[in-house]
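Residue strings, one per chain:
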Amino acid sequence: MQEQFMKEALKEAKKAYNKLEIPVGAIIVKDGKIIARAHNIKEEKQDTTKHAEIIAIQKASKKLETWRLNDCEMYVTLEPCAMCAGAIIQARLKKLYIGTMDPKTGACGSVLNLLKDFKFNHNVELETGILKDNCEQILKNFFKELREIKSKK
């Protein structure tokens, strides 16, 4: 089931890729059903906060009519940054599944671990490496293509 849900998050990442956004996708699941999907739209909206995780949390909260997502799980293709990790904690998500880690800005184990190293009022369960190769590859392809586009200018 985990791989199937991460494949759905990868579909969202592909949407971002096609918009020349950093290809990160996120979905939120409750009771085995997807209740929210999102991808990065930071460039499109020129808004620093338009990360896939934040948008997915907003959509899930709207659908459930509550900010408390206690019984929900998030699948995200790339390890969340500090902003998104903080939002995941604040939203009270039950569990976070990560495709690949982010050694530059990751805040769930790479650069720091907001989910484990600090004593917040809510703990989010964490599992990493779901479809890791697929999640890494879309990012590698994106940045390679972006460098090629920039070198032609």
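As a convention, each chain's residues are numbered from 1 in the sequence order in which they are written. Local features are withheld for residues below a pLDDT of 70 in this predicted model, meaning they are given only at 70 or higher, and side-chain atom pairs are given and counted only at 80 or more; totals for whole chains, interfaces and linings count all residues. To obtain the side-chain values, all non-hydrogen atoms of the structure were included, while hydrogens and water were left out.

(A) Expanded view of the sheet that holds strand β5 (residues 125-128). Pairing between strands is defined by DSSP: at least two bridges between them are needed. The helix and strand labels rest on DSSP assignments: H or I over at least four residues marks a helix, E over at least two residues marks a strand, and numbering proceeds from the N terminus. The strand order across the open sheet formed by five strands is β2-β1-β3-β4-β5, and the pairing between neighbours is mixed. Looking at the sheet topology across the chains shown, the edges are occupied by β2 (33-39) and β5. Neighbour-to-neighbour, the strand axes of this sheet turn through a mean angle of 15°, independent of strand direction. Bridge analysis of strand β3 (residues 72-78) against strand β4 (residues 95-100) gives five bridges, and the strand direction is parallel. Of the residues in β4, the one forming a bridge with Tyr75 is Tyr97. Sheet strands in contact with helix α5 (residues 132-152) are β3 and β4, and its direction is about 60° off that of β4. For helices, the fitted line uses only the C-alpha atoms of the stretch in contact; every axis is such a line through C-alpha atoms, and the angle between N-to-C directions lies from 0 to 180 degrees. Throughout, a residue-residue contact means that at least one pair of heavy atoms, one from each residue, lies within 4.5 Å.

(B) Focus on the nonpolar core. Buried Ala, Val, Leu, Ile, Met, Phe, Trp, Tyr and Cys residues form a nonpolar core when they are joined through side-chain atoms within 4.5 Å. Buried residues are those whose accessible area, probed at 1.4 Å on protein chains only, stays under 20% of the maximum for their type, while exposed residues exceed 50% and partly exposed ones sit between those limits. In this structure, Ile28, Ile57, Met74, Leu93 and Leu96 are the most contacted members of the largest nonpolar core, which totals 49 residues. Within the residue set of this core, elements represented by two or more residues are α1 (2-18), β1 (25-30), β2, α3 (52-64), β3, α4 (82-90), β4 and α5. Leave out the neighbours within four places in its chain, and Leu93 touches Ile28, Ile57, Leu69, Asn70, Cys72, Glu73, Met74, Ile88, His122, Asn123 and Val124.

(C) Spotlight on the pattern of salt bridges. We define a salt bridge as a side-chain nitrogen of Lys or Arg found within 4 Å of a carboxyl oxygen belonging to Asp or Glu. Under the definition given, this model contains seven salt bridges. Linking Arg37 and Glu8 is a salt bridge whose minimum nitrogen-to-oxygen distance equals 2.9 Å. In this pair, Arg37 is assigned in strand β2 and Glu8 in helix α1, connecting sequence segments 29 residues apart. Salt-bridge contacts for Lys132 lead to Glu136; the nearest nitrogen and oxygen are separated by 3.0 Å. Here the residue Lys132 and the residue Glu136 both occupy positions in helix α5, the gap between them amounting to four residues, near one helical turn. Residue class for Lys132 comes out partly exposed when judged on its relative accessible area of 40%. Exposure remark for Glu136: the relative accessible area of 22% places this residue in the partly exposed category. When salt bridges with common partners are traced through the structure, they connect Glu8, Lys11 and Arg37 into a single cluster.

(D) Main features of the packing of α1 against α5. Packing of α1 against α5 leaves a shortest axis separation of 10 Å and a crossing angle of 5°. With respect to α5, the axis of α1 lies roughly parallel. Where α1 abuts α5, its residues Met6, Leu10, Ala13, Lys14 and Tyr17 lie against Asn134, Cys135, Ile138, Asn141, Phe142 and Glu145. Classes in brief: Ala, Val, Leu, Ile, Met, Phe, Trp, Tyr, Cys and Pro nonpolar; Asp, Glu, Lys and Arg charged; the others, Gly included, polar. In the contact of α1 with α5, the residues fall into seven nonpolar, two polar and two charged. Convention used here: angles under 35 degrees read as roughly parallel, angles over 145 as roughly antiparallel, angles from 65 to 115 as roughly perpendicular, and any remaining angle as oblique.

(E) Structural view of the packing of aromatic side chains. In summary, the pairing rule links any two rings of Phe, Tyr or Trp, Trp by its six-membered ring, whose centres are within 6.5 Å, and it sorts them by plane angle into stacked for under 30 degrees, edge-to-face for over 60 and tilted for everything else. Counted by the stated rule, this structure contains five aromatic pairs. A centroid spacing of 4.3 Å and a plane angle of 10° characterise the contact between Tyr75 and Tyr97, whose relative ring orientation is stacked. Linking Tyr75 in strand β3 with Tyr97 in strand β4, this pair joins segments that are 22 residues apart in sequence. Each of the two residues, Tyr75 as well as Tyr97, counts as buried. Each ring, one from Phe118 and one from Phe120, has its centre 6.2 Å from the other, and the planes form 45°; the classification is tilted. Classification of Phe118 by relative accessible area gives partly exposed; the value is 40%.

(F) How the structure looks around unusual backbone geometry. Not every positive phi belongs to a glycine, and Leu20 is a case in point at roughly 60°. With a phi angle near 60°, Glu65 is a residue other than glycine that sits in the positive phi range. Within the secondary structure, Glu65 is located in the loop between α3 and β3.

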